[in-house]
Amino acid sequence: QVQLVESGGGLVQAGDSLRLSCAASGRTYAMGWFRQTSEKEREFVLAVDWTGGSTTSADFVKGRFTISRDNAKNTVYLQMNSLKPEDTAVYYCAVSMRLGLYRESYEYEYWGQGTQVTVSS
């Protein structure tokens, strides 16, 4: 069982930056970030493989967001720049205990509790 604790969410203005962190209680492999609003289903944002050397992102990221990880700390980060009001959502980190790089939520076994990101215009 892996427990995930997210942090770093908050209220920012359009154009600002924010960095989310997700600390895992143990060793992990693929890690990803998803987001969800009350109006939309959970959607994929970014993922990174266990080495940190390969990543994949959703089209809407368009170079604004990056994912990185520190395996010594069992932590994954989501750096979000040039935030837009439409980025407002609850952001979740997720862990897969398999090697690879995954974009689908069903590929992940463990999920954090979510952290709210609100971007005002």
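Residues numbered from 1 in each chain as written. Predicted model: local features only at pLDDT ≥ 70, side-chain atom pairs only at ≥ 80, totals over all residues. Heavy atoms only, no water.

Colleague: Please clarify how the pairing of strand β1 (residues 4-7) should be interpreted in this entry.
Modeller: Across the two faces of β1 the burial differs, with Leu4 and Glu6 buried and Val5 and Ser7 not buried at all. Taken together, the four bridges between β1 and strand β3 (residues 18-24) define a ladder with antiparallel strand orientation. Looking at β3, one finds that Leu4 is bridged to Ala24. (Buried < 20%, exposed > 50% of the residue type's maximum accessible area, 1.4 Å probe, protein only. Helix = DSSP H or I, 4+ residues; strand = E, 2+ residues; numbered from the N terminus. Pairing = 2+ DSSP bridges.)

Colleague: Sorry, what's going on with unusual backbone geometry here?
Modeller: Negative phi is the rule for most residues except glycine; trans is the rule for most peptide bonds. Phi at Lys62 takes a positive value of approximately 45°, unusual for a residue other than glycine. Tracing the chain through its elements places Lys62 in the loop between β6 (55-57) and β7 (65-70). In this model, Ser82 sits at a positive phi of 50°, which is unusual for a non-glycine residue. Its location among the elements puts Ser82 in the loop between β8 (75-80) and β9 (89-95).

Colleague: What is the right way to look at the pattern of salt bridges in this model?
Modeller: A side chain of one charge can pair with a side chain of the opposite charge when the charged atoms of the two come close. Applying the stated rule across the entire model yields six salt bridges. Measuring nitrogen to oxygen at the nearest pair gives 2.9 Å for the salt bridge that ties Asp87 to Arg35. Taken as a pair, Asp87 in the loop between β8 and β9 and Arg35 in strand β4 (residues 31-36) lie far apart in primary sequence, 52 residues in all. Taken individually, Asp87 and Arg35 each receive the classification buried, so the pair is uniform in this respect. (Salt bridge = Lys/Arg side-chain N within 4 Å of Asp/Glu carboxyl O.)

Colleague: So what exactly am I meant to see when it comes to the nonpolar core here?
Modeller: Most often, soluble globular proteins have nonpolar side chains that are buried together. Formed by 34 residues in total, the largest nonpolar core has its most connected members in Leu4, Leu20, Trp33, Phe65, Leu78, Met80 and Tyr91. Put simply, the parts of the chain that give this core at least two residues each are β3, β4, β5 (43-48), β7, β8, β9 and β11 (115-120). When residues no more than four places from it in sequence are discounted, the contact partners of Leu78 are Leu18, Arg19, Leu20, Trp33, Leu46, Phe65, Thr66 and Tyr91. (Core = buried A, V, L, I, M, F, W, Y, C linked by side-chain atoms within 4.5 Å. Contact = heavy atoms within 4.5 Å.)

Colleague: What am I meant to see in the state of the cysteines here?
Modeller: Where two cysteines share a covalent bond between their sulfur atoms, that bond is called a disulfide. Applying the stated rule across the entire model yields one disulfide. A sulfur-sulfur distance of 1.9 Å marks the disulfide that ties Cys22 to Cys93. Taking the sign of the S-S torsion, 45° for the link of Cys22 and Cys93, the bridge is right-handed. In this pair, Cys22 is assigned in strand β3 and Cys93 in strand β9, connecting sequence segments 71 residues apart. Relative accessible area serves as the criterion here: at 0%, Cys22 is assigned to the buried category. The class for Cys93 is buried, based on a relative accessible area of 0%. (Disulfide = S-S within 2.5 Å.)

Colleague: Before we go on, may I ask you to explain the side chain of Ser96 in this structure?
Modeller: Secondary-structure assignment places Ser96 in the loop between β9 and β10 (110-111). A distance of 3.3 Å separates a polar atom in the side chain of Ser96 from the backbone oxygen of Glu107. When neighbours within four sequence positions are excluded, Ser96 is seen to be in contact with Tyr29, Ala30, Tyr102, Glu107, Tyr108 and Glu109. (Polar contact = N/O pair within 3.5 Å; in protein donor to acceptor, adjacent residues only side chain to side chain.)

Colleague: In this structure, what is going on with the environment of Tyr29? I would like to understand it.
Modeller: Along the chain, Tyr29 falls in the loop between β3 and β4. For the pair Tyr29 and Gln113, spaced 84 residues apart in sequence, the C-alpha to C-alpha distance is 19 Å. Setting aside anything within four residues of it in sequence, one finds Tyr29 in contact with Val48, Asp49, Trp50, Arg69, Ser96, Met97, Arg98 and Leu99.

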